[in-house]
Amino acid sequence: MNRRPGFVALSCLSVLLLLCGGVGFVGFALLRGTATDVASAQSARRIVYGLTLLPSGFDPHINASVELTIPLRSIYDTLLYRDPSTDEFVPGLAERLEISADGLRYTFFLRKDVTFHDGEPFNTAAVAATLDRITNPETKSQKALFMLGSYTGYEIIDPFTITLILSQPYAAFLDALSQSYLGIASPKALLEYDRDRYQLHQVGTGPYMMVTFVPGDYILLRRNPNYHWGPPFYLTANPAPIEEVEFRFFVDPATRAPALETGAAEVMGELAPLDAVDIARTEGLALVPQPIPGMPFQFFMNTTRPPLDNVALRRALIQATNRIAITDSIFQQFSPPAYGALSATTPFYDKNAKDYYPYDREAARKAIRALGYADSDNDGILEMNGVKLSLIMVVPSWGNAPQIAQKIQSAWREIGIELELRQVPGLAALREAQRTNEYHLLAFNDYGVDANLLTLFYRSDAPNNLSKFANAELDGWLSRAAQSLDPADRAGLYTAAQRLIMDQALILPIRDTVNLNGVSGRVGNLIFDAYGWSPLLWNATLGD
């Protein structure tokens, strides 16, 4: 599936982004309850939605996992949205937006008919409170703060007009404001609950309300009966809405397909590919593959640790990896092979990436031997100056990473490379490997629609510079692209950046992510937001 890039084009003149609004409102109180209360209030129009990862927290302003956005997209509204069919920015909590000629001031004109789940009115004070919380050092935001880029503060013009101020132009600003990590929260709730307790009592303006959250067990959402201010791609009327959604955790991949088959869950993401084949053939179930924009599943190559400080060796490793065979065997052709630093569904993807490193094991073998490696003791492992060609690959437990790593290990062993696999349980362990430099290759990726994602991984001073590569020209391209408000200029800069990344063989790309969702035949019209992970539950229908 191809996506069309959607960006607000700016000139040297003041720009007006017109967004539509609406009228009317009925206030209500948020319903809360214990697990016992919830069990006694079971709805016939409830579904169970399977989550596949247990993040350290579910606070959008604090935590970073994409998993948390799956339920939270329904709890919160954002100032604006990306239309999932076009990627264009469309109205959210803001009716319209003015951007100054210098790209430093974004004035939002807010809707006047919106109320939080706790009955509090939505206005500029709520936007200010949310931004203050995200930027407060005590919040320790892991993602939302960094997404704000060069944001420095705000000016409240009146109760429904607020100007957000940047220190320098930031092209990804609107994209950041469209994501659940910057969902607008009730100021009353933020005052009532401290940093750690708020995630258990979250209050937004979205189409569903949080009823109960039992960490590690389930999250229960209930449809907001007064919701009428959604973005244009939300249905104005739903003939068979889902009233309640219970999110439960299915961390073990082996439990996901059986949950669908037995009716224990109506929706399940990240199915194992072989299970997805079976689900697609099962009566009463459907498979919904969803391409995810952003970065591919990839291994970053540590350019500071010998022998991968040699670019010729890094290039040979890419050439020695049969990515098509890996994706065919592990992912059953559901997930296409990756060739560059962005996935093919991401705006500004370099369409020439496929030509960079065609698979050629013999050419890779010759290139490695040309560097001076030889199997002098006939043990099957190449060496140079008495040092074995032995590499360490750090592998997470998710995303079929262990299976991918094992196939690479086997293939590289055939050309004389010894690959040690070190599987780690979570993000903290990956970060520790980065800190201690105890890796040659490390699996890591991120998701998003804006190519500014590259800045967080490839600029010399980036917190996620896992390749540890420093290049002033690359830094300049990424910095200029992050500030440019001209899509054509950004396209050229990001293309140049992707080509340099691959020329220097900073990553071993494997596959573009496709989330394999299994869906009960009772659930209809299940579509996802522009970022690919979060369902638009307001639009979904539920049959008998």
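Since the structure is predicted, the reported quantities are computational estimates derived from the model, not experimental observations.

Rules used in this analysis
Residues numbered from 1 in each chain as written. Predicted model: local features only at pLDDT ≥ 70, side-chain atom pairs only at ≥ 80, totals over all residues. Heavy atoms only, no water. Buried < 20%, exposed > 50% of the residue type's maximum accessible area, 1.4 Å probe, protein only. Helix = DSSP H or I, 4+ residues; strand = E, 2+ residues; numbered from the N terminus. Pairing = 2+ DSSP bridges. Right-handed = clockwise from strand over helix to strand, strands pointing away. Polar contact = N/O pair within 3.5 Å; in protein donor to acceptor, adjacent residues only side chain to side chain. Arc of directions from axis to C-beta. Contact = heavy atoms within 4.5 Å. Axes fitted to C-alpha atoms, helices over the stretch in contact; angles between N-to-C directions. Salt bridge = Lys/Arg side-chain N within 4 Å of Asp/Glu carboxyl O. Parallel < 35°, antiparallel > 145°, perpendicular 65-115°, else oblique. Left-handed = near helix turned anticlockwise from the far one by under 90°. Nonpolar A, V, L, I, M, F, W, Y, C, P; charged D, E, K, R; others polar.

**Remarks on the pairing of strand 20 (residues 507-511)**
Among the 5 residues in strand 20, 5 count as buried, and that is most of the element. Alignment of strand 14 (residues 297-301) against strand 20, held across 4 bridges, turns out to be antiparallel. What sits directly across from Phe299, in strand 20, is Leu508.

**Observations regarding the pairing of strand 17 (residues 390-396)**
Of all 7 residues making up strand 17, 6 are buried, and the element is well covered by its neighbours. Across 7 bridges, strand 17 lies against strand 18 (residues 418-424) in parallel orientation. Residue pairing across strands places Ile392 opposite Glu420, the latter belonging to strand 18. Taken together, strand 17, helix 12 (residues 401-413) and strand 18 form a β-α-β motif whose crossover is right-handed. Where strand 17 lies against strand 19 (residues 441-443), 2 bridges are found, and the strand directions are parallel. Of the residues in strand 19, the one forming a bridge with Val394 is Leu442.

**Regarding helix 9 (residues 311-319)**
Among the residues of helix 9, Leu313, Arg314, Ala316, Leu317 and Ile318 are the ones counted as buried. N-cap assignment for helix 9: the residue whose side-chain oxygen lies 2.9 Å from the backbone N of Ala312 is Asn310.

**Examining helix 8 (residues 273-281)**
Of the residues making up helix 8, those classed as buried are Pro273, Ala276, Val277 and Ile279. When helix 8 is viewed along its axis, its buried side chains cluster within an angular range of 165° and face the same direction. Every exposed residue of helix 8 that faces more than 90 degrees away from the buried side is listed here: Leu274 and Arg281. Next to the buried residues of helix 8 lie helix 7 (256-262), strand 13 (285-291), helix 10 (323-331) and strand 21 (514-520).

**Let's talk about the sheet that holds strand 20**
Read across the open sheet, the 5 strands follow the order 18-17-19-14-20; overall the sheet is mixed. Each edge of the open sheet is held by one strand with a lone partner, namely strand 18 and strand 20. Sheet twist, expressed as the average angle between the axes of neighbouring strands with direction ignored, equals 20°. Helix 13 (residues 427-436) rests against strand 17, strand 18 and strand 19 of the sheet, and its axis sits at about 155° to strand 19.

**Considerations on the pattern of salt bridges**
All told, the structure shown has 27 salt bridges when counted by the stated rule. Here Glu246 makes a salt bridge to Arg46, at a shortest N to O gap of 2.7 Å. In this pair, Glu246 is assigned in strand 11 (residues 244-249) and Arg46 in strand 2 (residues 46-51), connecting sequence segments 200 residues apart. A salt bridge links Glu362 to Arg365; the nearest nitrogen and oxygen atoms lie 3.3 Å apart. Linking Glu362 with Arg365, this pair stays in helix 11 (residues 361-370), spanning 3 residues, or about one helical turn. The class of Arg365 is partly exposed, set by a relative accessible area of 21%. Each of the salt bridges in this network shares a partner with another, and the network as a whole consists of Arg46, Asp217, Arg222, Glu244, Glu246 and Arg248.

**As for the packing of helix 9 against helix 11**
Packed helices, taken two at a time, are described by their axes: the angle between them and the distance between them. With their axes 8 Å apart at the nearest point, helix 9 and helix 11 run at an angle of 160° to one another. By the angle class used here, helix 9 and helix 11 are roughly antiparallel. Handedness of the crossing formed by helix 9 with helix 11: left-handed. Residue-level contacts link Leu313, Ala316 and Gln319 of helix 9 to Arg361, Ala363, Ala364, Ala367 and Ile368 of helix 11. Looking at the contact of helix 9 with helix 11, its residues break down into 6 nonpolar, 1 polar and 1 charged.

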